[in-house]
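# Structure at a glance
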Amino acid sequence: MIQLAEKMVVVEKRQADATPHAASLIEGMRDFGYTLETAMADIIDNSVTAGAANVEILAETTTDEPWIAIVDDGSGMTETELVEAMRPGSRNPLEEREGHDLGRFGLGLKSASFSQCRQLTVISSKDGIVSAATWDLDKVAATNVWKVDLEDDLADIPGTSDIPGTGTIVLWRKLDRLSTNYRHDTAKRAGEINKALSGAERHLRLCFHRFMEGSKPKLRLKLNRRILSPIDPFATDHKATQRDPEEVLRLAQGEVVTQCFTLPHHKMMTKSAWEELGGPEGHLRTQGFYIYREKRLIIAGNWLGLARQTELTKLSRVRVDIPNTMDADWKIDVKKASAQMPPVVRERLRKIVERLQGTSKRTYQRRGRKLVADENLPLWNRVLKDGKIIYSPNTEHPSITGFAQILPEEFRNSFRACISLLGSGLPVAALHADMLGSAENVETDESEFQDLADMAEAAIKELRKIGMSGPDVVRTLCSTEPFLNHKVSIARLVEEILQGDIS
């Protein structure tokens, strides 16, 4: 047998230079979808990674050339480290990171900054040496080269008086994205920027709340010299908050830790605390998963397709903690503002959601169950008919039957017909719309007791006729509206009627 030897011929492929055009790519980096709050959060991520205990946002908005600076007292950088940090894509997202590292792509500092300004200067102090570098997008557009300017003279750079002994300042100038409407009106432009800063404040208080909490917080965050307080979306310090034990799902790339919370009913919180917890969108829109990457909030209030946002589940919130080793599995984006659950995690969380929703519904329905309990003499009947829930006045309530008894007989049927007419005219559609918008603002008309006295007296006499004792009369009448908040007055009236019976 003759074997033919095949000769391997290696042909070198031709190559061509495909280096990105600096002017084009750097402009494209401005449109990753950052908002002011997500851009600031991305910069603060770097401060946390650098071990900063204090981060302050400074803003000068009333000058002809407004600027924003984010100052930290972290580890700082040498000039070599600073130049590397200014390089787009300075880190490979596949590289292994330390547990406290909040970065990923090595793009955050640049892309977040460029999304808000055309001139980025970073000033850093380390080992007593101050280094500074600037990206100026107008200059890059003119030269089309990837070069940063190293700053030797800081005299004309604003914010340099706040350089910490060790730490970093990220300075944004040429704020073209924050002053689009009033570029030539200093006062209105300042108002526009200040409004944006005010809107970003809540996001930062929520995003980094776990770093800011406790008697010895790891991070103190300030805005123009004012210390910001954290917003805990789970109200963990409130005694009425219900919490389940933590559950751990161990996977190849790390552990996913979940914990379920049910917030207190709004009646158990102050109005200001309730409103801050719900934020401008309200509690209906802020229920759901709160996903944290290394304790930094990424997603706030979203069921991610596992449930619908409903009024009866708006107290439900689930904290989900993931490590930075699972970035690829969760598809964490550049902004660190979105993620997608891996299938195995989604299936586990689906079961958790089903259990949690039951707890939230019970919190809101508890008062409703009392209304339909016969022994509590509800003023409204709640009846399930053909799969629908129907509310109708309880014409057998002693306050109604008692009042009917003192009417002339020829008026009694008309009186009951009038009560039924009021029930059939219940504005269900309007109530549904109001409850979806802000259920905590829907209240009954709290009548003064003198307006209810005749009805209460009639009800008391009816209940006495069937042999009910004085304390039982008080308990029964005061278990539901409209007498719920008049227990003292009802007890006094019962005592007067009993004394009258004795005399």
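It should be emphasised that the depicted structure is a prediction, and the values quoted were computed from it without experimental measurement.

So, about the overall build of the protein chain. Per the secondary structure count, the protein chain includes 16 helices and 16 strands. Expressed as a percentage of its 503 residues, the buried residues of the protein chain come to 45%. The long-range share in the protein chain, meaning contacts at least 24 apart out of those at least 6 apart in sequence, stands at 66%. Total accessible area computed for the protein chain in this model is approximately 27,700 Å², and 51% of it derives from carbon and sulfur atoms.

Glancing now at the sheet that holds strand 5 (residues 149–150). Across the sheet, eight strands lie side by side as 5-4-3-6-2-1-7-8; this open sheet has mixed pairing. In the strand order of this sheet, the two ends are held by strand 5 and strand 8 (226–227), each with one partner. As paired elements, strand 4 (residues 129–136) and strand 5 share two bridges and run antiparallel to each other. Residue pairing for strand 5: Ala133 is matched across the bridge by Leu150.

On to the nonpolar core, then. The biggest cluster of nonpolar side chains holds 48 residues, and the ones touching the most others in it are Met40, Ile44, Ile68, Trp172 and Phe208. Formed by 23 residues, the second largest nonpolar core is a distinct cluster that contains Ile298, Val318, Val320 and Leu349.

It is worth spelling out a nonpolar patch on the surface at this point. A cluster of nonpolar side chains, Trp380, Leu384, Ile389 and Tyr391, forms an exposed patch at the surface whose accessible area comes to about 420 Å². Its location among the elements puts Tyr391 in strand 16 (residues 388–393).

Our focus in this paragraph is the packing of aromatic side chains. Evaluated as defined, the whole model comprises six aromatic pairs. Here the aromatic cluster, defined as three or more aromatic residues joined through ring pairs, consists of Phe234, Phe261, Tyr290 and Tyr292. A cation sits over an aromatic face here: Arg210 above Tyr292, 4.6 Å from the ring centre. The cationic tip of Arg319 hangs over the ring face of Phe234; the distance from NZ or CZ to the ring centre is 5.8 Å.

What follows deals with the pattern of salt bridges. Under the counting rule described, the total for this entry stands at 20 salt bridges. Across the pair Glu84 and Arg87 runs a salt bridge, and its minimum N-O distance is 3.2 Å. Classification of Arg87 by relative accessible area gives partly exposed; the value is 43%. Note that Arg225 is salt-bridged to Asp162, the shortest N-O span being 3.1 Å. Here Arg225 is found in the loop between strand 7 (220–223) and strand 8, whereas its partner Asp162 is found in the loop between strand 5 and strand 6 (167–173), with 63 residues between them in sequence.

This paragraph deals with unusual backbone geometry. One non-glycine residue, Lys295, lies in positive phi territory at about 70°. Note that Lys295 resides in the loop between strand 12 (288–293) and strand 13 (296–302). On the accessibility criterion, Lys295 (41% relative accessible area) is partly exposed. Look at Leu304: it is not a glycine, yet its phi comes out positive at around 50°.

This part is about a negative patch on the surface. There is a patch of like negative charges on the surface, built from Glu79, Asp152, Asp153 and Asp156. As for its position among the elements, Asp153 is in the loop between strand 5 and strand 6.

Right, let's get into the packing of helix 2 (residues 36–49) against helix 6 (residues 186–207). Running from N to C, helix 2 and helix 6 cross one another at 50°; their axes reach a closest spacing of 8 Å. Relative to helix 6, the element helix 2 lies oblique. Here the hand of the crossing between helix 2 and helix 6 comes out right-handed. Residues Leu36, Glu37, Thr38, Met40, Ala41 and Ile44 of helix 2 form the contact with helix 6, whose participating residues are Ala196, Leu197, Ala200, His203, Leu204 and Cys207. For the contact of helix 2 with helix 6, the residue count by class is nine nonpolar, two polar and one charged.

Procedures and definitions
Just so you know, the residues in each chain are numbered from 1, in the order the chain's sequence is written. In keeping with the model being predicted, local features are shown solely for residues with a pLDDT of at least 70 and side-chain atom pairs are shown and tallied solely at 80 or more, while totals for entire chains, interfaces and linings include all residues. The basis for every side-chain value is the complete set of heavy atoms in the structure, and neither hydrogens nor water enter the calculation. Labels follow the DSSP assignment, with helices taken as runs of H or I lasting at least four residues and strands as runs of E lasting at least two, numbered in each case from the N terminus. Each residue is placed in one exposure class: buried if its accessible area under a 1.4 Å probe, protein chains only, is under 20% of its type's maximum, exposed if it is over 50%, and partly exposed if it falls in between. For this analysis, residues touch if any pair of their heavy atoms sits within 4.5 Å. Residue-level accessible areas treat just the shown protein chains as cover; the underlying method is Shrake-Rupley with a 1.4 Å probe. Pairing between two strands requires that DSSP report at least two bridges joining them. Nonpolar cores are built from buried Ala, Val, Leu, Ile, Met, Phe, Trp, Tyr and Cys residues. Side-chain atoms within 4.5 Å join them into one set. Any residue with relative accessible area above 30% and no salt bridge may belong to a patch, with like charges joined within 9 Å and the nonpolar Val, Leu, Ile, Met, Phe, Trp and Tyr side chains within 5 Å. Salt bridges are counted wherever a side-chain nitrogen of Lys or Arg sits within 4 Å of a carboxyl oxygen of Asp or Glu. Two aromatic rings from Phe, Tyr or Trp, using only the six-membered ring of Trp, form a pair when their centres are within 6.5 Å; if the ring planes differ by under 30 degrees the pair is stacked, by over 60 it is edge-to-face, and anything between is tilted. Throughout this description, the term charge over a ring refers to an Arg CZ or Lys NZ atom that lies within 6 Å of the ring centre and within 35 degrees of the ring normal. In summary, the charge assignment counts Lys and Arg as positive and Asp and Glu as negative, without counting His or the chain termini. For charged residues, the charge sits on one atom: NZ in Lys, CZ in Arg, CG in Asp, CD in Glu. Lines fitted to C-alpha atoms define the axes here, with helix axes fitted over just the stretch in contact, and angles between the N-to-C directions of these axes take values from 0 to 180 degrees. Orientation categories follow fixed angle ranges, with anything under 35 degrees roughly parallel, anything over 145 roughly antiparallel, 65 to 115 roughly perpendicular, and all other angles oblique. Should the near helix be turned anticlockwise from the far one by less than a right angle, the crossing is left-handed, and should it be turned clockwise, the crossing is right-handed. Three residue categories are used. Nonpolar comprises Ala, Val, Leu, Ile, Met, Phe, Trp, Tyr, Cys and Pro, charged comprises Asp, Glu, Lys and Arg, and polar comprises the others, including Gly.

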